[in-house]
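# Structural overview for review
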Amino acid sequence: MTRFWPHGLPIEVTCDALATPVAVSIQGRRLPVARVVERWRVDEGWWRRRAWREYFQVITAGGQLLLLYHDVRSGLWRLQRLYD
Amino acid sequence: MTDWTTPYVELHCHSAYSLCDGASLPDELVDRAADLGMQALALTDHDTLSGAVPFVRAAEARGIHPILGTEVTMVGGSHLTLLVRDASGWQNLCQLISHGQARAPKGEAALPWDTLAEHTGGLICLTGCRRGPVAAAIQRLDMGRAERAARWLRDRFGQDHTVIEVQHHLHPGDGLLARHLLDLAAHLRLTAVATNNVHYARREQQPLHDVLTAIRLRTSLDAAGSRLRANSEYYLKSGGRLRPLFADHPELLTNTLRVAEQCGYRLAYGLQDLPRFPTPPGYDADGYLARLCADALRCRYPGGSERACRQLAYELRVIAEAQLSNYFLIVWDIVREARSRGIRCQGRGSAAGSLVAYLLDISPIDPLAHDLVFERFLSHERPALPDIDLDIAADRREEVIQYVFRTYGEAHAAMACTFSTFGKRAALRDVARVLDLTSEHLLTPGDHADDPTRALAAELCRQLEALPRHLGQHNGGMLLTRAPLATRVPVEPAAMPGRVVVQWDKTMLEEVGLVKIDLLGLRMLSALTEAEALVRATADPAFDLDRLTLDDPQIYQMIAAADTIGVFQVESRAQAQVLPKLKPACFADLMVAISLIRPGPLQGEMVHPYLRRRMGIEPVTYAHPRLKRALAETLGSSCSRSRCSRWRGTWRV
């Protein structure tokens, strides 16, 4: 079952030197990232509230597929979707 | 960040001449490319070459190689990026643009695939953006169709001139699309390059581009939604910026240099591009022009005039050496045709200094009687193109234009275009509309610093103002070419049915050295025709305006009293102040009066010294005795350009 957080679930993310996630901590559980499947950038809505986000679709070492994003302006990371 | 270590040339770049889709003028893009260390840059606006001339000028100034190209829109809506390799490629691209534009409503294009197939020589075809036939098929997961599209292009443009175009703008799916494109390139042994489909020079210009998009779509930013690009990656990037996106395939970047090397074409025109005027048997253009002038000379100077003969021989020699006899004959023919239809028409400006123009009836002024200077019009020293502007009775100008189209053929004549820019008012209105604000809100005076929306809108208006908005037909600038026009310059249909316009405006045409003929509408000439008819109907049936002499004292009394409302050239308030002091008593005085109220003498503060001398308040002196001959008429002041030409002539003696 896919779980989806419309406003994102706060998470902690560790990145490498190229700002690519290497590990994700969800509610205290640390999940190493095995592979980044895809990344994309959204930068829009500058005329009202600018949404500037770096999205990463990653596979964890445990084989879970996650969609997370980095809100560049606030510096916070969010989990958007967890695919089962 | 400048990166010198990853060589890259941008081959897909839109300027503001992709109307309402590009946010930067060509020179901004060139400046940025040069700052990033690019050796070359391609300009590929949508279905137009309008930006070509300023682009080439800017690139040459910055020492980078300008590659000319276009992103063409095909029937069905897909896009291809075409780059010019050589002169035949330029001709083909011009024709493709004309074909594409001719088959779609204004502002759109639709090029048939079989027309493209007929004009592939000298061009390089990049397979296009996400809307290219290859990438679009891959996105629909139709790999067979993608391969067929690529093969189709390869079979027409050739193995070496068909290039798979790979873009990555950090959108979902871009990575996968790139991998499929690379597989296809390998399979068909085609070169692949990275391009960034640039729509603005710097990332910060994304808002301006979004505003332009919303204006084009006639909607607000909020309502435009997903039709705006999802991020700000469409700026001019260095190789270093692009490298991480194509980390496994650095050759995509270096290959852009290989492609750029193939595009050596330089935009250039010769003078002798005009249609050949049909001279009678036994005459070439030089000979026929000489013959016409010699005949006219006998009529105009019945007793013969050694001075006129000398001047004529001199002018004919200069004109022949400049290879302009044919040009004179074309203008003569237009004037002759207009007159035969009773349309008032005459040359304006520096052509009045030419005896040849007078003898051909192009100019009504005898330059010898009025001591006018031929060198202002044409000289060995000034290689600039001469400009013969014809003023034509405004209400019948279209007839003359039609005549030129008929004489030289629709395929050989077109009007210059003009670009209207947004300007302050339209910019304000459009920005307010796309932001869902009222323009009153934006116009309210006050400090913008405390209102971020207003500050933002004001900044966007400022950026928008100078950008071209519409392409229209110029009021009279006409281009004639010997070869079919569509093979020489890019053209598109005008709003007027059956009329085509060149995608370049007057300044651009001049800059590339294409001779144009200006057929300007002058309402005063229509008024004169009407006045003449009125006089004939009410006072004197035999009245002939052209037989009036220029020495009627009553006329000069009226002018000296500044009774000049509605009189062409001497009706302004500035003239009304000068005339009573100057008290013109002859035609030459009128010439002085008109040349005084011009930017040069006004800024040079020559008006008052001249008037004081004229009224006898100040003695007439000359800066040097040798200048006396040149400046006697203007009482020692250098208040017109023809005086300056004389001045220089005197000095050389």
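Throughout, residues of each chain are indexed from 1 in the direction in which the sequence is written. Here the convention is simple: chains get letters from A, ligands get numbers from 1, in the order in which they are written. Whole-chain, interface and lining totals are the exception, using all residues; otherwise, since this is a predicted model, local features are given only for residues with pLDDT of at least 70 and side-chain atom pairs are given and counted only at 80 or more.

## Observations regarding the overall build of chain B
Secondary structure is summarised from DSSP: a helix means a run of H or I of at least four residues, a strand means a run of E of at least two, and numbering begins at the N terminus for each. Each helix and strand in chain B was counted, giving 28 helices and 13 strands. In terms of its C-alpha atoms, chain B occupies a principal-axis envelope of roughly 85 × 70 × 55 Å. Exposed residues have 12 or fewer other C-beta atoms within 10 Å of their own C-beta, buried residues have 20 or more, and residues in between are partly exposed; the C-beta atoms are placed from the backbone. Counting every position in chain B, which comprises 653 residues, the buried fraction comes to 43%.

## A word on the overall build of chain A
Scanning chain A for helices and strands turns up zero helices and six strands. Mapped from its N terminus to its C terminus, chain A presents α and β elements in the order β-β-β-β-β-β. For chain A, the spread of C-alpha atoms along the principal axes amounts to about 40 × 30 × 25 Å. For chain A, buried positions account for 23% of its 84 residues. The contact criterion used is a C-beta to C-beta distance within 7 Å, with each C-beta placed from the backbone. Sequence-distant contacts in chain A: of pairs separated by 6 or more residues, those separated by 24 or more amount to 37%.

## Considerations on the interface of chain B and chain A
In this complex, chain B contributes twelve residues to the contact, which on the side of chain A involves eight residues. Gly is put with the polar residues, along with every residue not named as nonpolar or charged; the nonpolar set is Ala, Val, Leu, Ile, Met, Phe, Trp, Tyr, Cys and Pro, and the charged set is Asp, Glu, Lys and Arg. In terms of residue class, the side of chain B that touches chain A is built from seven nonpolar, four polar and one charged.

## Examining unusual backbone geometry
Residue and element names in this part refer to chain B. Even without glycine at this site, R189 takes up a positive phi of about 55 degrees. With respect to the secondary-structure elements, R189 resides in the loop between α7 (174-188) and β6 (191-194). The phi torsion at D371 lies on the positive side, around 60 degrees, for a residue other than glycine. The topology assignment puts D371 in the loop between α15 (355-359) and β8 (389-393).

## What to know about the sheet that holds strand β3 (residues 29-44) of chain A
Residues and elements named next belong to chain A. Pairs of strands are assigned from DSSP output, requiring at least two bridges between the strands. The strand order β1-β2-β3-β4-β5-β6 describes a closed barrel built from six strands, whose pairing is antiparallel. In this sheet, adjacent strand axes meet at a mean angle of 45 degrees when their direction is disregarded. As paired strands, β3 and strand β4 (residues 51-60) are joined by ten bridges and run antiparallel to one another. Across the sheet, residue R41 finds its bridge partner in β4, namely E54. In this description, a line fitted to the C-alpha atoms serves as the axis of each element, helices being fitted only across the stretch in contact, and the angle between N-to-C directions of two axes falls anywhere from 0 to 180 degrees.

## Quick notes on the pairing of strand β9 (residues 413-421) of chain B
Along any regular strand, the residues point their side chains to alternate faces of the sheet. Residue and element names in this part refer to chain B. Pairing of β9 with strand β10 (residues 468-480) involves eight bridges; the strand directions are antiparallel. The residue of β10 that forms the bridge with T418 is G472. Pairing between β9 and strand β12 (residues 500-505): two bridges, direction parallel. The partner of C417 across the bridge, within β12, is D505.

## Quick notes on the packing of helix α23 (residues 573-582) of chain B against helix α24 (residues 587-596) of chain B
Residues and elements named next belong to chain B. The N-to-C vectors of α23 and α24 enclose an angle of 140 degrees; their axes lie 10 Å apart at closest approach. Classed by the angle they form, the pair α23 and α24 counts as oblique. Handedness of the crossing formed by α23 with α24: right-handed. Residues Q575, V578, L579 and L582 of α23 touch α24, and the partners they reach there are D589, A593 and L596. Taken together, the residues of the contact of α23 with α24 sort by class into five nonpolar, one polar and one charged. When an angle is under 35 degrees it counts as roughly parallel; over 145 it counts as roughly antiparallel; between 65 and 115 it counts as roughly perpendicular; any other value is oblique. The sense of a crossing depends on the near helix, which, turned anticlockwise from the far helix by less than a right angle, makes the crossing left-handed and, turned clockwise, makes it right-handed.

## Here's the deal with the sheet that holds strand β4 (residues 123-126) of chain B
Residues and elements named next belong to chain B. With mixed pairing, the six strands of this open sheet are ordered in space as β1-β2-β3-β4-β5-β6. Two strands in the sheet have a free side with no partner beyond their single neighbour: β1 (40-46) and β6. Adjacent strand axes in the sheet meet at a mean angle of 30 degrees when their direction is disregarded. Here strand β2 (residues 65-73) pairs with strand β3 (residues 79-84) via five bridges, running antiparallel. Within the sheet, the bridge partner assigned to V72 lies in β3 and is L80. Sheet strands in contact with helix α3 (residues 87-102) are β2, β3 and β4, and its direction is about 30 degrees off that of β2.

## Digging into the environment of L522 of chain B
By the element assignment, L522 of chain B lies in strand β13 (residues 516-522). Once the C-alpha coordinates of L522 of chain B and G173 of chain B are considered, the two residues, 349 residues apart in sequence, prove to be 60 Å apart.

## Considerations on helix α17 (residues 423-434) of chain B
The span one expects for a helix is its residue count, reduced by one, times 1.5 Å. Across its twelve residues, α17 of chain B extends 16 Å between first and last C-alpha, which sits within 8% of the 16 Å expected from 1.5 Å per residue. By the burial criterion, the buried members of α17 of chain B are A427, L428, D430, V431 and V434 of chain B.

## A few points about the packing of helix α8 (residues 206-216) of chain B against helix α19 (residues 452-465) of chain B
How two helices pack is summed up by the angle between their axes together with the distance between the axes. All names here are of chain B. Two elements in contact, α8 and α19, have axes whose closest approach is 10 Å; the angle formed by their N-to-C orientations is 75 degrees. Accordingly, the angle class assigned to the pair α8 and α19 is roughly perpendicular. Listed contacts from α19 to P207, L208 and V211 of α8 are L460, Q463 and L464.

## Brief notes about the confidence of the model for chain B
Counting all residues, the mean pLDDT for chain B is 89, and 91% of those residues have values of 70 or more. Here the complex is predicted with pTM 0.85, and the ipTM for its interfaces comes to 0.90. Across the chain, each position has a pLDDT score giving the predictor's confidence in that residue, from 0 to 100.

## Some remarks on the environment of N326 of chain B
All names here are of chain B. By secondary structure assignment, the location of N326 is in helix α14 (residues 325-340). Taking the C-alpha atoms as reference, N326 lies 37 Å from R62; in sequence the two are 264 residues apart. Non-local contacts of N326, meaning those with residues more than four positions away in its chain, are made with L274, R276, F277 and A285.

## Brief notes about the environment of V22 of chain A
Residues and elements named next belong to chain A. Positionally, V22 belongs in strand β2 (residues 21-26). For the pair V22 and V58, spaced 36 residues apart in the sequence, the C-alpha separation amounts to 9.4 Å. Setting aside residues no more than four positions away along its own chain, V22 makes contact with T14, C15, D16, P32 and V33.

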